[in-house]
Amino acid sequence: MPYGDTDLAPVISQNTVSFHYGKHHQGYVTKLNELVAGKDWAKKPLEAVMKGTYGTDNVGIFNNSAQVWNHTFYWNSMKKGGGGFPATGKLADAMKASFVDFDGFKKEFSLAATSQFGAGWVWLVVDEAGKLKVVKTANADNPLVLNLGTPLLTIDVWEHAYYLDYQNKRGEYVTAWLDKLVNWDFAIRNLG
Ligand code: MN
């Protein structure tokens, strides 16, 4: 995580971060290390492991490697004092072309995040033509293995991401996340 465990509060509490980063994310890292020990996968970059095991019998290695990648991307998608979408620039132009305006993006992203059934992730991606899209993925899946475009941002909508702070009110987590935590600088860097 590129910040301290209290820096996302009050949107995401230190308590949530301590479980999410310290137990869930750490758990995926520990399990992945166990599963690849002594295998060729242990020598490969994380992204290669994730892509190479997707859709194969190596379900455990895929799930844990993708969850490590997804969580690292999620922590980078937030920052202390985030939100406040930039009014001009390449991302703002792409946002207008793809969603009419920033509110259009927020509506589509919020709808995707609240309607993802069960565990998963919602992503802002850019496709090869430069069009921005909101996509949902289930469980550990992500846009890289599904070829859905280049990820710019992600929100974790597994219950462990918000349940201690918001219980069943996923929509409140998503709204606060968009308004107060999004790291647009990270999204702009990923847009290239
Ligand atoms: Mn998570």
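All of these numbers come straight from a predicted model, not from anything done at the bench.

Draft legend 1. Local environment of the pairing of strand β2 (residues 132-138). Strand direction decides the pairing type here: strand β1 (residues 120-126) and β2, joined by seven bridges, are antiparallel. Among the inter-strand pairings, V125 is bridged to a residue of β2, identified as K133. In textbook terms, the turn of a hairpin is the stretch between consecutive antiparallel strands, and for β1 and β2 this stretch comprises five residues, one of which, G130, has a positive phi near 90°.

Draft legend 2. Molecular detail of the domain arrangement of the protein. Examined at the domain level, the protein breaks down into domain 1 (14-76) and domain 2 (90-191). Spacing between the C-alpha centres of domain 1 and domain 2 amounts to 21 Å. Contact with domain 1, which involves 20 residues of that partner, is made by 25 residues of domain 2. For the domain 1 face of the interface with domain 2, the top three residues by lost area are T16, F73 and Y74, together amounting to 34%. Along the contact surface separating domain 1 from domain 2 lie zero salt bridges. Between the two partners, domain 1 and domain 2, sit ten residue pairs in polar contact (both at pLDDT 80 or more). When contributions to the side of domain 1 that touches domain 2 are tallied by element, the ones reaching two or more residues are α1 (14-36), α2 (46-53) and α3 (59-76).

Draft legend 3. Local environment of the packing of helix α4 (residues 90-99) against helix α9 (residues 184-191). The contact between α4 and α9 brings their axes to 9 Å, and the two run at 85°. Classified by the interaxial angle, the pair formed by α4 and α9 is roughly perpendicular. Touching K90, L91 and M95 of α4 are W184, A187, I188 and L191, all from α9. In terms of residue class, the contact of α4 with α9 is built from six nonpolar, no polar and one charged.

Draft legend 4. Local environment of unusual backbone geometry. Along the chain, A9 connects to P10 via a cis peptide bond; the corresponding omega equals 5°. Following the sequence through the fold, P10 ends up in the segment before α1. Despite not being glycine, N139 shows a phi value in the positive range, around 50°. Secondary-structure assignment places N139 in the loop between β2 and α6 (143-146). By relative accessible area, N139 is classed as partly exposed at 43%. Unlike most non-glycine residues, N147 shows phi in positive territory, near 55°. Within the secondary structure, N147 is located in the loop between α6 and β3 (150-156).

Draft legend 5. Expanded view of the coordination of the manganese ion. Within the first shell, the manganese ion binds the protein through H20 (NE2), H71 (NE2), D156 (OD) and H160 (NE2), at distances of 1.9 to 2.2 Å. Taken in sequence order, the residues that donate to the manganese ion follow the motif H-x50-H-x84-D-x3-H. You can see H20 sitting in helix α1 and its partner H71 sitting in helix α3, a full 51 residues away along the chain. Residue H20 is classed as buried on the basis of its relative accessible area of 1%. Judged by its relative accessible area of 0%, H71 falls in the buried class.

Each value, and the rule that gives it
- Residues numbered from 1 in each chain as written.
- Predicted model: local features only at pLDDT ≥ 70, side-chain atom pairs only at ≥ 80, totals over all residues.
- Heavy atoms only, no water.
- Pairing = 2+ DSSP bridges.
- Helix = DSSP H or I, 4+ residues; strand = E, 2+ residues; numbered from the N terminus.
- Domains from an automatic or database assignment.
- Contact = heavy atoms within 4.5 Å.
- Buried area = accessible area lost by both parts, 1.4 Å probe.
- Salt bridge = Lys/Arg side-chain N within 4 Å of Asp/Glu carboxyl O.
- Polar contact = N/O pair within 3.5 Å; in protein donor to acceptor, adjacent residues only side chain to side chain.
- Axes fitted to C-alpha atoms, helices over the stretch in contact; angles between N-to-C directions.
- Parallel < 35°, antiparallel > 145°, perpendicular 65-115°, else oblique.
- Nonpolar A, V, L, I, M, F, W, Y, C, P; charged D, E, K, R; others polar.
- Buried < 20%, exposed > 50% of the residue type's maximum accessible area, 1.4 Å probe, protein only.
- Donors = N, O, S within 2.8 Å, 3.2 Å for Na, K, Ca; no water.

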